[in-house]
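As a plain string of letters, each chain reads:
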Amino acid sequence: MYEALRHNFRRAASTPLPRQSIVQRFDGEMDVDVRRTDALMSKFKITKRSVEGLAVKDVDYIVFDKELPGFGVRVMPSGKRFFLVQYRRHDRTRRITLGQFGPVTADKARREATLKLGNVRGAGGDPAALRDAERQSTTMKELGQRFLTQYVPARCKPSTQGEYRRSVELFLEPFFGKQRVRSVTTADVADLHGSHSHIPYQANRTLGVLSKMMNLAETWGLRDKHTNPCEDIERYPEQKRERFLSAAELQRLGSVLTEAESDRTESPYAVAAFRLLLLTGCRLSEIQTLKWVHVDLEAKELRLPDSKTGAKTVYLGNAAFAVLKSLRRVNDNPYVSSVRKKNNT
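Residues numbered from 1 in each chain as written. Predicted model: local features only at pLDDT ≥ 70, side-chain atom pairs only at ≥ 80, totals over all residues. Heavy atoms only, no water.

Undergrad: Go over the overall build of the protein with me, naming the residues and quoting the values.
TA: In terms of helices and strands, the protein carries twelve helices and ten strands. For the protein, long-range pairs separated by at least 24 residues make up 47% of all intrachain contacts whose partners lie at least 6 apart in sequence. Summed over its atoms, the accessible surface of the protein is roughly 22100 Å², and 51% of this surface lies on carbon and sulfur atoms. (Helix = DSSP H or I, 4+ residues; strand = E, 2+ residues; numbered from the N terminus. Contact = heavy atoms within 4.5 Å. Areas by Shrake-Rupley, 256 points an atom, 1.4 Å probe, with all protein chains shown as cover.)

Dropping the structure here:
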């Protein structure tokens, strides 16, 4: 029997004791707990005063709120304190940080914790999974490049492509940078739009490009459906930019064109392009890209297959007809304005 007692004593002496951690309650009492210091803590009412009173220890620890289960404060050895939410999902303990005490008040953290925990318990939400997905999600810069390489070349005319690229590279990328697509809010878009109030036309164009990018982000699965943050932003008023040459200006321009044609200081095709602009009302790009195959001199028509408003027919007056009739066609160059090179399509 003596040997049995001696054996049990040695066995008990060789068994390591559980790690003890001291937990300070808000009422000043001390508890001994056998769980790890960084995994538990006593429960108390989280307020500004109570958080300030938490002791700093050699290891970090968490104190949970007694009124809102899952709402806690982590105290770091450095003295910094961070609000957090803890919950169970799929047999795993999940935590998300709400912010540092100081910049984030206890009341604000409690409101945020109430929303997140309500979503977890009432709607089966998983805010930690959303956080992880956001960390791995596409950045705004990556979305912009995908927009420019996959969507714009296939869907937009060359002039529109240039405008879209300008908006993305000069305005959107510098503003958003590496911000995640999922995290862009209406407030972010309002800041972007407002920062360009001195150039309202460009601000509105950039907003339109961003809105299209956000719609595509939903289509591509980068944002949830119906979350376009541009929808509630009111565009700036725009003054329609329209000006017509006066009779005196038209007469002066006509004289300059005749003079340039006579002394051959300009190509006859360049002079003809100016005259066609004046006589047809076409856009500059429509005259620059006009091909002979689209000109029907017998019917006195230009049949434009792809104008800004789609395919259209432009009827020629006698003066415009005379300009086109006088031009010599250049071999292997399909363009009416032969100053444009064949490979410049």
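Undergrad: An account of the packing of helix α6 (residues 158-176) against helix α8 (residues 200-219) is needed here, citing residue identities and associated values.
TA: At a minimum axis separation of 10 Å, α6 and α8 run at an interaxial angle of 85°. With respect to α8, the element α6 is oriented roughly perpendicular. Contacts from Glu163, Tyr164, Arg166, Ser167, Val168, Phe171, Leu172 and Phe176 of α6 reach α8 at Gln202, Arg205, Thr206, Val209, Leu210 and Met213. (Axes fitted to C-alpha atoms, helices over the stretch in contact; angles between N-to-C directions. Parallel < 35°, antiparallel > 145°, perpendicular 65-115°, else oblique.)

Undergrad: How would you summarise the nonpolar core if you had to cite specific residues and measurements?
TA: In this structure, Met140, Phe147, Leu172, Leu210 and Met213 are the most contacted members of the largest nonpolar core, which totals 24 residues. Of all the secondary structure elements, the ones that give two or more residues to this core are α5 (140-155), α6, α7 (186-194) and α8. No other element matches α8, which puts seven residues into this core. Filtering out sequence-adjacent residues up to four positions away, Phe147 remains in contact with Val152, Tyr164, Val168, Val209, Lys212, Met213, Leu216 and Trp220. (Core = buried A, V, L, I, M, F, W, Y, C linked by side-chain atoms within 4.5 Å. Buried < 20%, exposed > 50% of the residue type's maximum accessible area, 1.4 Å probe, protein only.)

Undergrad: Give me unusual backbone geometry: which residues, what numbers.
TA: Backbone geometry at His90 places phi at a positive 55°, although glycine is not the residue there. Looking at the element boundaries, His90 is found in the loop between β6 (81-89) and β7 (92-100). Residue Asp332 is not a glycine yet carries a positive backbone phi of 60°. Within the element layout of this structure, Asp332 appears in the segment after α12 (318-326).

Undergrad: Explain empty space enclosed by the protein residue by residue, including any values.
TA: Overall, the coordinates contain one cavity of 30 Å³ or more when judged by the stated rule. Taken as a whole, the largest cavity holds about 40 Å³ of empty space. As for the largest cavity, its lining consists of Tyr269, Ala272, Ala273, Leu276, Ile287, Leu290, Leu327, Val336 and Ser337. Sort the elements by how many residues they give to the lining of the largest cavity and helix α10 (residues 268-280) lands first, with four residues. Along the lines of polarity and charge, the residues of the lining of the largest cavity split into eight nonpolar, one polar and no charged. (1 Å grid on protein atoms, 1.4 Å probe; cavity = no way out; pocket = protein on both sides within 12 Å on 5 of 7 lines; lining within 4 Å. Points joined across faces, edges and corners; volume = space filled by probe spheres on them. Nonpolar A, V, L, I, M, F, W, Y, C, P; charged D, E, K, R; others polar.)

Undergrad: Could you give an account of the packing of α6 against α7, naming the residues involved and the relevant values?
TA: It is at 11 Å that the axes of α6 and α7 come closest, and there the two elements cross at 135°. With respect to α7, the axis of α6 lies oblique. The hand of the α6/α7 crossing is right-handed. Contacts between α6 and α7 involve Phe171, Leu172, Phe175 and Phe176 on the former and, on the latter, Asp188, Asp191 and Leu192. For the contact of α6 with α7, the class distribution of residues is five nonpolar, no polar and two charged. (Left-handed = near helix turned anticlockwise from the far one by under 90°.)

Undergrad: With reference to specific residues and values, describe a nonpolar patch on the surface.
TA: A cluster of nonpolar side chains, namely Leu245, Leu250, Leu278 and Leu279, defines an oily patch on the protein surface of about 320 Å² accessible area. You can see Leu279 is positioned in helix α10. (Patch = residues over 30% accessible without salt bridge, like charges linked within 9 Å, V, L, I, M, F, W, Y side chains within 5 Å. Salt bridge = Lys/Arg side-chain N within 4 Å of Asp/Glu carboxyl O.)

Undergrad: Run through α10, naming residues and quoting values.
TA: If you check α10, its first and last C-alpha atoms are 18 Å apart, about what 13 residues at 1.5 Å a residue would give, namely 18 Å. In this fold, the buried residues of α10 make contact with α9 (247-263), α11 (284-288), β10 (310-315) and α12. Downstream of α10 by a residue or two, Gly281 has a phi angle that is positive, lying close to 80°. (Expected span 1.5 Å × (residues − 1).)

Undergrad: Summarise the pairing of β7; cite the residues concerned and give the values.
TA: Summarising the sheet, β6 and β7 pair through eight bridges and their orientation is antiparallel. Following the sheet pairing, Arg89 is matched in β7 by Arg92. (Pairing = 2+ DSSP bridges.)

Undergrad: I'd like a description of the sheet that holds strand β9 (residues 301-307), backed by residues and values.
TA: Spatial strand order, β8-β9-β10: three strands in an open sheet with antiparallel pairing. Looking at strand neighbours, the two that pair on one side only are β8 (295-296) and β10, the edges of this open sheet. In this sheet, β9 lies alongside β8 in antiparallel orientation, the contact comprising two bridges. What sits directly across from Val295, in β9, is Leu302.

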